[in-house]
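Take a look at the letters that make up each chain.
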Amino acid sequence: MSGERNNASTEAMGLLRHAGRWQIWEFALWLVAIAAIFVLPSQMLILTEIAILALFAVSLDLILGYAGIVSLGHTAFFGLGAYAAGLFAIHVSGEPVISLLAAGLVSALFGFLTSFLVLRGSDLTRLMTTFGVAMLLAEVVNQAAWLTGGADGLSGIIINPILGYFEFDLWGRTGYVYCLIVLVALTYIARRLVNSPFGLSLKAIKRNQRRASMLGISPTRRIVAIYTISAAYAGIAGALLTQTTSFVSPDVLAFHRSAEVLLVLVIGGAGYLYGGVFGAVIFSILRNWLSVITPQYWMFWIGLVLIIIVLVGRERLTRWQTLLPGSARKREAGMQQTVAEESK
């Protein structure tokens, strides 16, 4: 029995190490993002927006795609991070990296405190709870005009050069490179996290929480942990928006941001991190293109796209994921089976 358990453990760790390796298409994706600096010099602002939205989508994918927690209020952490970065720059220091870390810590703390609200109840209960938290935070920001600027927004934000050397320019080139580096670094950390025993335990909880508990997996601790990490990621995304625009308003807490990031994951697919990246690229390009050709009705076409996705089926549209070399979906069943055998 002990030998079988050791063999299962060795096989599971081998599969995890293989899943954690970077694939060729991933390197190609980031090389294209770097090449955009030179190929699309006039589109830096749009590219920066895509990078921030991609990080925001990755943060939501951590709880939706891996833990099965549906949220309509993820913008609460995004907006809190945005305001934290702005207030930090005004009252403490304009150093962007320190401000970024501070915003992530503030959002992580708020995520930890509110994570206990989503531990119980159905998906509908979680939807309403997360939406309510975002609404409460938005009203607090609106009423605390002495601190946040209220409806007029928080102005007077001065962002110093990154690490004292790289100053933000009017064309947005520095901002895009800065956001891209943060996106790559945090995506790498997220990949290591989800391709670990902790990540597999999250998938087990998502599929059947009661069965996961019977296998010795603690759903409460893991849900609180991933929710806190997800909040930190969203807060950092919000901080990037503040630092690249030098302004923050209650719009960062608006409901449409939560709806947009959900739509991004619907388009790109949830449960493999890069769905947020691909979805952000497709959604942003589609939105900017439609807003040019039909400025008054672009939201109609976005809605039509959403309806088509629902009718056709997201799994059919995202079936291309399985064509990627080393697709994680092909190994998922085997890894979960070996981890289950190890836990017995």
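Preceding this paragraph is the structure being described.
Only a predicted model underlies this, so the values are computations on that prediction, with no experimental measurement involved.

1. Remarks on the overall build of the protein chain
And then number 1: Assigned secondary structure in the protein chain consists of 16 helices and zero strands.
And then number 2: The buried share among the 344 residues of the protein chain stands at 49%.
And then number 3: Intrachain contacts of the protein chain at a sequence separation of at least 6 include 78% that bridge at least 24 residues.
And then number 4: Split by element, the accessible area of the protein chain, about 17,200 Å² in all, is 67% carbon and sulfur.

2. Section: the packing of helix 12 (residues 255-268) against helix 13 (residues 274-293)
Two quantities define a packed helix pair, namely the angle between the helix axes and the distance between the axes.
And then number 1: Packing of helix 12 against helix 13 brings their axes to within 7 Å, and their N-to-C directions diverge by 110°. As summarised for this structure, helix 12 and helix 13 are arranged roughly perpendicular, according to the angle between their axes. Counting all contacts with helix 12, which are made through Glu-260, Leu-263, Val-264, Leu-265, Ile-267 and Gly-268, the residues of helix 13 involved are Gly-275, Gly-276, Gly-279, Ala-280, Ile-282, Phe-283 and Arg-287.
And then number 2: For the contact of helix 12 with helix 13, a count of residues per class yields seven nonpolar, four polar and two charged.

3. Describing the packing of aromatic side chains
And then number 1: In total, this model carries ten aromatic pairs according to the counting rule given.
And then number 2: Centre to centre, the rings of Trp-25 and Tyr-274 are 4.9 Å apart; their planes meet at 70°, and the pair counts as edge-to-face. Remark: Tyr-274 occurs in helix 13 and Trp-25 occurs in helix 2 (residues 24-39); sequence separation between them is 249 residues.
And then number 3: Looking at Trp-25, the relative accessible area reads 17%, which means it is buried.
And then number 4: A residue is classified by how much of its surface remains accessible, and Tyr-274, at 3% relative accessible area, is buried.
And then number 5: The interplanar angle of 80° and the centroid separation of 5.3 Å between the aromatic rings of Phe-112 and Phe-116 together place this pair among those described as edge-to-face.
And then number 6: Of the residues examined, Phe-116 reaches a relative accessible area of 44% and is grouped as partly exposed.

4. What about the nonpolar core?
And then number 1: One finds Leu-55, Tyr-176, Val-182, Leu-240 and Val-252 to be the most contacted residues of the largest nonpolar core, which totals 91 residues.
And then number 2: A total of 15 residues in this core trace back to one element, the largest contributor, which is helix 3 (residues 44-64).
And then number 3: Not counting the four nearest positions on each side in its chain, Tyr-176 is found in contact with Ala-33, Ala-36, Ile-37, Met-44, Leu-47 and Thr-48.

5. Some details on helix 13
Because an α-helix completes one turn every 3.6 residues, residues spaced three or four positions apart along the sequence face the same direction.
And then number 1: Here helix 13 spans 29 Å end to end across 20 residues, near enough to the 28 Å set by a 1.5 Å rise per residue.
And then number 2: Every buried residue of helix 13 is accounted for by Tyr-274, Gly-275, Gly-276, Val-277, Gly-279, Ala-280, Phe-283, Ser-284, Arg-287 and Leu-290.
And then number 3: Contact partners of the buried residues in helix 13: helix 2, helix 3, helix 8 (173-194), helix 12 and helix 14 (298-312).

6. Focus: helix 11 (residues 219-245)
And then number 1: Under the 1.5 Å per step criterion, the end-to-end length of helix 11 is 39 Å for 27 residues, consistent within 8% with the ideal 39 Å.
And then number 2: By the criterion of burial, helix 11 is predominantly enclosed, with 20 of the 27 residues buried.
And then number 3: Looking one or two residues beyond helix 11, the residue adopting positive phi is Ser-246, at roughly 55°.

7. Some details on the pattern of salt bridges
And then number 1: Counted under the stated rule, the structure contains four salt bridges.
And then number 2: In this structure, Arg-191 engages Glu-26 in a salt bridge whose closest nitrogen and oxygen atoms are separated by 2.8 Å. You can see Arg-191 sitting in helix 8 and its partner Glu-26 sitting in helix 2, a full 165 residues away along the chain. Here the two residues Arg-191 and Glu-26 agree in accessibility, since each one is buried.
And then number 3: Of the charged contacts in the structure, one is a salt bridge between Arg-257 and Asp-251, with a shortest N-O distance of 2.9 Å.
And then number 4: A network of salt bridges, in which partner residues are shared, links Glu-49, Glu-260 and Arg-287.

8. Focus: a nonpolar patch on the surface
And then number 1: Among the surface-exposed residues, Tyr-297, Phe-300, Trp-301, Leu-304, Ile-307, Ile-308, Leu-311 and Val-312 lie close enough to one another that they form a single nonpolar patch of about 810 Å² accessible area.
And then number 2: Using a relative accessible area of 48% as the deciding quantity, one classes Ile-307 as partly exposed.

9. Regarding the packing of helix 3 against helix 11
And then number 1: The N-to-C vectors of helix 3 and helix 11 enclose an angle of 170°; their axes lie 8 Å apart at closest approach. Taken as axis vectors, helix 3 and helix 11 run roughly antiparallel relative to one another. Contacts between helix 3 and helix 11 involve Thr-48, Ile-52, Leu-55, Phe-56, Val-58, Ser-59, Leu-60, Leu-62 and Ile-63 on the former and, on the latter, Ile-226, Tyr-227, Ile-229, Ser-230, Tyr-233, Ala-234, Ile-236, Ala-237, Leu-240, Leu-241 and Thr-244.

10. Regarding the environment of Thr-242
And then number 1: Mapped onto the secondary structure, Thr-242 falls in helix 11.
And then number 2: For Thr-242, a relative accessible area of 1% puts it in the buried group.
And then number 3: Separated by ten residues in sequence, Thr-242 and Val-252 place their C-alpha atoms 9.6 Å apart.
And then number 4: Those residues in contact with Thr-242, other than ones at most four positions away along the chain, are Ala-82, Ala-85, Gly-86, Ile-157, Phe-247 and Val-248.

11. A few points about unusual backbone geometry
And then number 1: Phi angles above zero are rare outside glycine, and Ser-246 is one such case at about 55°.
And then number 2: Mapped onto the elements, Ser-246 comes out in the loop between helix 11 and helix 12.
And then number 3: Although it is not a glycine, Leu-273 sits at a positive phi angle of roughly 65°.
And then number 4: Topologically, Leu-273 is positioned in the loop between helix 12 and helix 13.

Cut-off values and rules
- Each residue is numbered by its place in its chain's sequence as written, counting from 1.
- Selection of residues for local features in this predicted model requires a pLDDT of at least 70, selection of side-chain atom pairs for listing and counting requires 80 or more, and totals for whole chains, interfaces and linings are taken over all residues.
- Side-chain measures here rest on the full set of heavy atoms in the structure, leaving out hydrogens and waters.
- Secondary structure elements follow DSSP: runs of H or I no shorter than four residues count as helices, runs of E no shorter than two count as strands, and numbering proceeds from the N terminus.
- A simple rule labels every residue: compare its accessible area, found with a 1.4 Å probe on the protein chains alone, to the largest value its type can have, and call it buried under 20%, exposed over 50%, or partly exposed in between.
- Note on definitions: a residue-residue contact is assigned when non-hydrogen atoms from the two residues lie within 4.5 Å.
- Only the protein chains shown count as covering a residue, and every accessible area follows the Shrake-Rupley method with a 1.4 Å probe.
- In this analysis an axis means a line fitted to C-alpha atoms, helices contributing only their contacting stretch, and an angle means the value between N-to-C directions, from 0 to 180 degrees.
- By the definition adopted for this analysis, an angle is roughly parallel if under 35 degrees, roughly antiparallel if over 145, roughly perpendicular if from 65 to 115, and oblique otherwise.
- Three classes are used, and their members are as follows: Ala, Val, Leu, Ile, Met, Phe, Trp, Tyr, Cys and Pro are nonpolar, Asp, Glu, Lys and Arg are charged, and the others, Gly among them, are polar.
- In summary, the pairing rule links any two rings of Phe, Tyr or Trp, Trp by its six-membered ring, whose centres are within 6.5 Å, and it sorts them by plane angle into stacked for under 30 degrees, edge-to-face for over 60 and tilted for everything else.
- Definition of nonpolar core: a set of buried residues of the types Ala, Val, Leu, Ile, Met, Phe, Trp, Tyr and Cys, connected through side-chain atoms within 4.5 Å.
- Every helix has an expected span of 1.5 Å times one less than the residues it contains.
- By convention in these notes, a salt bridge is any Lys or Arg side-chain nitrogen within 4 Å of a carboxyl oxygen on Asp or Glu.
- Patch membership requires over 30% relative accessible area and the absence of a salt bridge. Like charges are linked within 9 Å, and nonpolar side chains (Val, Leu, Ile, Met, Phe, Trp, Tyr) within 5 Å.

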